[in-house]
Structure formats: C-alpha cells, structure tokens
Amino acid sequence: MWAYEKRLQYPVKITKTCPKTAQLIISQYGGPDGELSASMRYLAQRYSMPVKKVGGLLTDIGTEEINHMEIICAIVYQLTKNLTPEQAKTAGFDAYYIDHTTGLWPQAAAGVPFTSLEFQSKGDAFADLYEDLAAEQKARTVYENLLRVIDDPDVRAPLKFLRAREIVHFQRFGEALEMTKDKLDHSNYYFFNAEFDKKFLKK
Amino acid sequence: MKTQTNCQCSAETLAMASVPMQEWCEPYDLATAIYSGTLFPCLNMNFFDAEDIPCPFCNKPALTKAAEQEKALIEICKVGFAINDLTLYLDTHPDCQNGINLMKDLLQQRLDALAEFAKKYYPLTQLSIVTGTPEAKDYEWDEGPLPWDPFGECILAK
C-alpha cells in the first residue's frame, strides 16, 4: 500500500506563467516515455519477477516514478495557474485549453492520449528488464530535449534532477539484471523463461 | 568493512548485456545530492546544457517567517531524497554496511524533522500528527498548502 506525504520529492516553485513550456513538459506526464508510463510499467512487471529483490526494486522505483509524475504535474499546473484567455491562444497550448482548460490530463506533447500501449509487461525477466533499461534511456533523452529549449531556471532545476534520476535507475536495473542472471544457468540464460518455467530456477 | 554485494556476477557471455555493480563511494552532502539528483558522485553524469543551473538549496539566510518555513521543508526534502536514493542502492546492495549505517542515521533524522515540522507548522504525514503535536486536540491533516501549490494557502508558524 502507499501512504501520502504532503510534499513533492523535489520542490517546485515557478513564478512565470508559460503555456508553451507547459505544453512541452506535459509529455512527461502522459507521453510515451513519461512518468505515468514508467510507474505503471514497473508496478505491473513486479508481480511475476522470479527474484524477490528485483520485485522489491521495481516497487521502489515504480513508487519514485509516481513522485516524479507529481513533480511534472506541479510544473504544468504552476506554469498555467494564472493563465489569461489571451495567453490560452498560445500556439501549441490552444488546442489543449479547448479540451481541458487548465486541468491536468495525461497526454503526449503532440496531443496523443496516455495509453498502456506505451509500455510492456512481458512475463519474462530479461525482456522486462531490457525494456526498463531502454525506458530510462528514452526518458533521459526527453529531459535533455526539454533542457535545450527551456530557459526558466525555476523549471530547469527540477528537469535536471529528473534527468539525473534516469541514469541512477538505469544503473539499478542493470544491477537487477546481474542479480537475475545469478539465479540462472550461466551456460545458457535462454534455456527457459525464469518467470514461467519456475521448476528450473536455482534455489 | 563489507561494501560489496553477494552477487557472483558472471563473466560476460554472448547475447547478454552486463552492467558492473556500483561500488560504494563517499556520498555527497545532502544539498549537493538533491541538486545533482544522486547521493553518489560516481553516478553523477551531468548534461552539458544543465551545468549552468544554480543550486536552489545553497544556504540562503531565512529572513521572514515564510522563508523559515520553506527552509524547514527543504531540509525534509534533502533528507527524504537521500533516503530515496539510498533505498535503491540497498535494494541491490543489501549487505553494504556503509549504506546500512547511513540509512539508519538518515531515517532517524527524517523522523525527528517530520515531528519538528508538525510541531512548528503542519503535519506532512499522518503519523507526524501524533509524534509532533501529541497534546493537540484537533486533527491537522488539512493544514498547510497543497504540495503542488506552494503559493496557495500559506500557514505560518503556530
């Protein structure tokens, strides 16, 4: 279960309204490499992981991704909180405004709605962990793309933080891969599916 | 002191990726850690276009009551983040004594800071209602600003 703590993992305090920036950053809420997708991916994959410690790691990283989703939403909210009807016409934000006003709705920067098709839960430890490693790299790319085009230091600081987390998570998933390999037959890691053909697993 | 995990990491083989296990490295101070997004200098791989971002957590004098409250909240974020990062490290290095010692120290700091914050301002967790203000008759869960709206309702020191 989860318990709420009334603070963000990384404080967000933005004073300047900017719907254009909000329209770009919302991709990390509901986009293909966004935080909602990340948390749902890890929290879905953990149940069938054959190595207990890897299931624990997926729970902790999946939980942190929910914190990141909240940071992203706080950024979008603060960037549009005092929006005027004139500013709502900003190219890129205008279409979002018509459908959602300044409410938060998970979508990609290009307007594609959030969908679970953005991630996979394959029931195969290697397939899932490789997906997780790739997911962290893709999210890192998005944060770097955002950092190149956004100038407001109040927005850049949390983006820098979130980018750094992708690298740490990549390292931890790599370590999870090593821990999984350790439980398998080193001469052929592909002899069976560790999540399904459990009778072959090392005790 | 034992700093390595038990993982008998296998030799590299064909058709399988390998990532070396992280070795313990002397952690950053808590402000540098949250600013860098990691407690560990060896995992801090900066991006060229993020080098100029000033650290929002460097020590600024808190001149007003509101600034004092904000500073207290940032202290909790700093300890909280160090715990978050160390949690993941210990998930894959459960036997690292350096990590375990630091975690126990940080958890105690966090417990004390949450109680202190609840006593002075408002509770961040439900448990800190009873640890921070055990004598209070009212239930304070709705006090304080919502996390995403720091400019909203601002409750100053009790």
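Per-chain numbering applies: the sequence of each chain, read as written, is numbered from 1 onward. A letter from A marks each chain and a number from 1 marks each ligand, given out in the order of writing. Since the coordinates come from a predicted model, pLDDT governs what is reported: local features require at least 70, and pairs of side-chain atoms require 80 or more to be given and counted, while whole-chain, interface and lining totals use all residues. Just so you know, side-chain values use all the structure's heavy atoms and leave hydrogens and water out.

Engineer: Give a detailed account of the overall build of chain B, specifying residues and quantitative values.
Structural biologist: Secondary structure elements are taken from DSSP: a helix is a run of H or I of four residues or more, a strand is a run of E of two residues or more, and numbering for both begins at the N terminus. Check the secondary structure of chain B and you find 4 helices and 0 strands. Going from the N terminus to the C terminus, chain B shows its helices and strands as α-α-α-α. Relative to its full complement of 158 residues, chain B shows a buried share of 41%. What makes two residues a contact is simply this: any of their non-hydrogen atoms within 4.5 Å. Counting only contacts in chain B whose residues sit at least 6 apart along the sequence, the fraction spanning at least 24 positions is 48%. For every residue, the accessible area obtained with a 1.4 Å probe (protein chains only) is divided by the maximum for its type, and the residue is called buried under 20%, exposed over 50%, and partly exposed between those limits.

Engineer: Would you mind going over the packing of aromatic side chains in detail, with residue names and values included?
Structural biologist: Geometry of aromatic contacts follows a simple scheme: Phe, Tyr and Trp rings, the Trp one being its six-membered ring, pair when their centres are within 6.5 Å, and the pair is stacked under 30 degrees between planes, edge-to-face over 60, tilted otherwise. The tally for this structure, following the rule as stated, stands at 15 aromatic pairs over all chains. Taken together, a centroid distance of 5.8 Å and an interplanar angle of 70 degrees make the contact between Phe191 of chain A and Phe200 of chain A edge-to-face. For Phe191 of chain A, a relative accessible area of 56% gives the class exposed. Taking relative accessible area as the criterion, Phe200 of chain A reaches 40% and is therefore assigned partly exposed. Judged by centre distance (4.9 Å) and plane angle (50 degrees), the ring pair of Phe117 of chain B and Tyr121 of chain B falls under tilted. Accessibility expressed as a relative area gives 3% for Tyr121 of chain B, which makes it buried. One aromatic cluster in this structure is built from Tyr10 and Phe161 of chain A together with Phe57 and Phe81 of chain B. The lysine or arginine in question, Lys6 of chain A, covers the ring of Trp141 of chain B, its NZ or CZ lying 4.9 Å from the ring centre. Our definition puts a charge over a ring when NZ of Lys or CZ of Arg is within 6 Å of the ring centre and also within 35 degrees of the ring normal.

Engineer: Can you tell me about helix H3 (residues 35–45) of chain A, naming the residues and giving the values?
Structural biologist: Residue and element names in this part refer to chain A. When you tally the buried positions in H3, you get 9 out of 11 residues, the bulk of the element. Listing the buried residues of H3 in full gives Glu35, Leu36, Ser37, Ala38, Ser39, Arg41, Tyr42, Leu43 and Gln45. Where H3 is buried, its residues touch helix H2 (27–30), helix H4 (52–80), helix H7 (125–149) and helix H8 (153–181).

Engineer: So, a positive patch on the surface: which residues are in play, and what are the values?
Structural biologist: All names here are of chain A. On the surface, Lys52, Lys53, Lys183 and Lys202 cluster together into a positively charged patch. Here Lys53 shows up in helix H4. Residue Lys53 is classed as partly exposed on the basis of its relative accessible area of 42%. Here, patches come from residues exposed beyond 30% relative accessible area and free of salt bridges, joined within 9 Å for like charges and within 5 Å for nonpolar side chains (Val, Leu, Ile, Met, Phe, Trp, Tyr). Using a 1.4 Å probe, accessible areas were evaluated by the Shrake-Rupley method; residue-level cover was limited to the displayed protein chains. Any Lys or Arg side-chain nitrogen located within 4 Å of an Asp or Glu carboxyl oxygen qualifies as a salt bridge. When charges are counted, Lys and Arg contribute as positive and Asp and Glu as negative, whereas His and the chain ends are disregarded. Think of each charge as sitting on NZ of Lys, CZ of Arg, CG of Asp or CD of Glu.

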